[in-house]
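Structure at a glance
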Amino acid sequence: MASVSSQPQFRYTQPPSKVLHLRNLPWECTEEELIELGKPFGKVVNTKCNVGANRNQAFIEFADLNQAIAMISYYASSSEPAQVRGKTVYLQYSNRQEIVNNKTAADVPGNVLLVTIEGADARLVSIDVLHLVFSAFGFVHKITTFEKTAGFQALVQFSDAETATSAKDALDGRSIPRYLLPEHMGPCTLRITYSGHSDLSVKFQSHRSRDYTNPYLPVAPSAVEGSGQAMVGLDGKRLETESNVLLASIENMQYAVTLDVLHMVFSAFGPVQKIAMFDKNGGLQALIQYPDTQTAVVAKEALEGHCIYDGGFCKLHISYSRHTDLSIKVNNDRSRDYTIPNTPNAQPSILGQQSAPMVGPPGQPYNGSQTGWGSGPPAGVQSMPMQMHNNVYMPPGSMPQQMAPGMQFPSHNSSQPTTTLPAYGSDRAQ
DNA sequence: AGCACA
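Report follows, based on the coordinates. All figures in this text were calculated on a predicted structure; none of them were measured in a lab. (Residues numbered from 1 in each chain as written. Chains lettered and ligands numbered in written order. Predicted model: local features only at pLDDT ≥ 70, side-chain atom pairs only at ≥ 80, totals over all residues. Heavy atoms only, no water.)

Within chain A one finds 7 helices and 19 strands. Every one of the 430 residues in chain A was classed for burial, and the buried ones make up 47%. Partitioning the intrachain contacts of chain A with sequence separation of at least 6 by distance along the chain shows that 69% fall at a separation of at least 24. For chain A, the accessible surface area stands at approximately 21600 Å², while carbon and sulfur atoms represent 52% of it. (Helix = DSSP H or I, 4+ residues; strand = E, 2+ residues; numbered from the N terminus. Buried < 20%, exposed > 50% of the residue type's maximum accessible area, 1.4 Å probe, protein only. Contact = heavy atoms within 4.5 Å. Areas by Shrake-Rupley, 256 points an atom, 1.4 Å probe, with all protein chains shown as cover.)

Take a look at the structure:
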């Protein structure tokens, strides 16, 4: 025998697996229908539907391999094909041995929907039209819209998950009725998932966001610039709306800025509840959440314009975010919810050191005793707020790729699904 | 109608 080992398998055939791969499903197909389909042949332990680019594929996992074989065998010789909603579905053994359910927030029912409006003219859809469309299913509390690489998106907040679900079920994949749109506009299709949010933060009524529960909310100042709803004060300086969540962007990022680094930097001013990092405009940005606005104000004043590393590297620019509570869906190397104790994914190292309860009077500098650098807020900090004494911030120049003694950065580079960030950041779907 | 992720 010449070639024994890695013979490419015959195209489109797979060795038996407990997991079956289904295609040509109607996109409305639900997990319940998949279970119904598989139940006659055995115990369905897991399913996944709306898979693939067209969301018309699915997986069924049986408890036992023989059950999967039974189903394949049955339909292989049956005169009636397997059907869902009258549509013939094609089955085969999956090339995977188990279904991994990356249940993201998009799958977990909630009262807020993430709506992606598809179509060439998507961004011309007004918030009023969206309000009209979604109001058919119940009282719409708030809507925010924003533009992402995924396109034009909106978050639509209902009272409860049931109402949101009815709207999602009815509208997902459908197009906005033509009579609601100006004549010249092309079709606009709605793609809907659940958002991780439960209460949107709407500070102004504007063409981009509305709070229908509060008609007296002030109308947005006409000149809203950049990310931090800035108004102009009497002195001509920008007045920003303070928030407990800071938006930090990092300029001249010659050296990697990790979640742990940010956590340490911002923990100097108080307990950091959540951090989410994401790429924006080719640079790195992060949202840092404190329990209260006072702490955020102190941190912003202290850190704005300073550099994480000597030599002008990784300069921080900080503004207030419009968020008040970040929605962290998964703890990974880009985002973390530090308020959840002993998160499975939580990594050792710095986190471990800082796991001591970080409670202190709001507005007071957090004395992070565990980290040994909690000598108050960097009141006297000049240009180097981060250059504390415990070698954590060994200047990159002197020790480029090495860890400082005692430091163990997480070694795994898990590329878990990026977390989904909030409304104005990125509510997934990038 | 052909294998999942943001």
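Right, let's get into the pattern of salt bridges. Taken as a whole and judged by the stated rule, the model has 10 salt bridges. Of the charged contacts in the structure, one is a salt bridge between Arg-210 and Asp-128, with a shortest N-O distance of 2.9 Å. Placement of Arg-210 in strand 11 (residues 209-211) and of Asp-128 in helix 3 (residues 127-135) is noted, with a sequence separation of 82 residues between them. We note a salt bridge from Lys-142 to Asp-199, for which the minimum N-O separation is 2.9 Å. (Salt bridge = Lys/Arg side-chain N within 4 Å of Asp/Glu carboxyl O.)

Moving on, we come to the nonpolar core. In terms of nonpolar packing, the biggest core is built from 30 residues, with Leu-262, Phe-266 and Tyr-290 touching the most fellow members. Of all elements in the fold, only strand 14 (245-251), helix 5 (259-267), strand 15 (274-280), strand 16 (283-289), helix 6 (293-303), strand 17 (307-309) and strand 18 (313-320) reach the threshold of two or more residues within this core. Those residues within four positions of Tyr-290 in sequence are excluded, and the remaining contacts are Asn-244, Leu-246, Phe-266, Phe-269, Gly-270, Pro-271, Val-272, Gln-273, Thr-295, Ala-296 and Ala-299. Within the second largest apolar cluster, 27 residues are counted, among which are Leu-130, Ile-143, Leu-180 and Cys-188. (Core = buried A, V, L, I, M, F, W, Y, C linked by side-chain atoms within 4.5 Å.)

A few words on the sheet that holds strand 1 (residues 19-23). Sheets are built from strands that pair by backbone hydrogen bonding, the pairs being arranged parallel or antiparallel. On the basis of which strands lie adjacent, the open sheet formed by 4 strands has the order 2-3-1-6 and antiparallel pairing. In this open sheet, the two edge strands, each paired with only one partner strand, are strand 2 (44-51) and strand 6 (90-93). Neighbouring strand axes in the sheet, compared pairwise and without regard to direction, differ in orientation by 20 degrees on average. As judged from the 5 bridges shared by strand 2 and strand 3 (residues 57-62), these two strands associate in the antiparallel manner. Looking at the pairing, Val-44 lines up with Phe-62 of strand 3. Sitting on the sheet, helix 1 (residues 31-38) is in contact with strand 1, strand 2 and strand 3, with an inclination near 130 degrees to strand 2. Strand contacts of helix 2 (residues 65-77): strand 1, strand 3 and strand 6, with the helix running at about 140 degrees to strand 6, the strand carrying the most contacts. (Pairing = 2+ DSSP bridges. Axes fitted to C-alpha atoms, helices over the stretch in contact; angles between N-to-C directions.)

A few words on helix 1. Taken together, the buried positions of helix 1 are occupied by Leu-34, Leu-37 and Gly-38. Projected down its long axis, helix 1 carries its buried residues within an arc of 90 degrees, all on one side. The inward-facing, buried residues of helix 1 contact strand 1, strand 2, strand 3, helix 2 and strand 4 (83-84). (Arc of directions from axis to C-beta.)

The phi dihedral of Arg-85 is positive, around 50 degrees, even though this residue is not glycine. With respect to the secondary-structure elements, Arg-85 resides in the loop between strand 4 and strand 5 (87-88). For Arg-85, a relative accessible area of 51% corresponds to the exposed category.

Another aspect to go through is the pairing of strand 9 (residues 151-158). Burial of strand 9 is extensive: 8 of the 8 residues sit out of reach of the surface. The sheet contact formed by strand 7 (residues 112-118) and strand 9 spans 6 bridges and is antiparallel. Among the inter-strand pairings, Leu-114 is bridged to a residue of strand 9, identified as Leu-155. As paired elements, strand 8 (residues 140-148) and strand 9 share 8 bridges and run antiparallel to each other. Bridging across to strand 9, Ile-143 finds its partner in Val-156.

Taken in spatial order, the 5 strands line up as 10-7-9-8-11 in an open sheet, and their pairing is antiparallel. In this open sheet, the two edge strands, each paired with only one partner strand, are strand 10 (189-194) and strand 11. Mean inter-strand twist for the sheet, computed between neighbouring axes without regard to direction, equals 20 degrees. Along the sheet face, helix 4 (residues 161-171) touches strand 7, strand 9 and strand 10 and points at about 145 degrees away from the line of strand 10.

With that out of the way, let us pick up helix 2. In this model, helix 2 (13 residues) spans 19 Å end to end at C-alpha, consistent with the 18 Å of a helix rising 1.5 Å per residue. Turning to helix 2, its buried residues number three or more, namely Gln-67, Ala-68, Met-71 and Ile-72. For helix 2, the buried positions fall inside an angular range of 135 degrees around the axis, keeping them on one side. For helix 2, the exposed residues set more than 90 degrees away from the buried face come down to Asn-66, Ala-76 and Ser-77. Packed against the buried residues of helix 2 are strand 1, helix 1, strand 3 and strand 6. One side-chain oxygen of the residue at the start of helix 2 lies 2.8 Å from the amide nitrogen of Asn-66, identifying that residue as Asp-64. (Expected span 1.5 Å × (residues − 1). Polar contact = N/O pair within 3.5 Å; in protein donor to acceptor, adjacent residues only side chain to side chain.)

Further remarks concern the packing of aromatic side chains. Following the criterion strictly, the structure yields 6 aromatic pairs and no others. Between Phe-134 and Phe-158, the ring centres sit 6.4 Å apart and the planes meet at 55 degrees, which makes this aromatic pair tilted. Here Phe-134, found in helix 3, pairs with Phe-158, found in strand 9; they are 24 residues apart in sequence, far enough to count as distant. Per residue, the accessibility class of Phe-134 equals that of Phe-158, and both read buried. An aromatic cluster of at least three residues, connected via ring pairs, comprises Phe-41, Tyr-74 and Tyr-75. (Phe/Tyr/Trp six-rings, centres within 6.5 Å; stacked < 30°, edge-to-face > 60°.)

Bringing the environment of Pro-187 into the picture now. Looking at the element boundaries, Pro-187 is found in the loop between helix 4 and strand 10. Taking the C-alpha atoms as reference, Pro-187 lies 6.1 Å from Gly-119; in sequence the two are 68 residues apart. Beyond its immediate chain neighbours, meaning those up to four positions away, Pro-187 contacts Glu-118, Gly-119 and Arg-178.

This part takes up the side chain of Ser-94. Counting through the fold element by element, Ser-94 comes out in the loop between strand 6 and strand 7. Taking relative accessible area as the criterion, Ser-94 reaches 2% and is therefore assigned buried. A polar contact is formed between the side chain of Ser-94 and the backbone nitrogen of Arg-96, at a distance of 2.9 Å. Among residues more than four places away in sequence, those in contact with Ser-94 are Gln-14, Pro-15, Ser-17, Val-19, Leu-20, His-21 and Phe-59.

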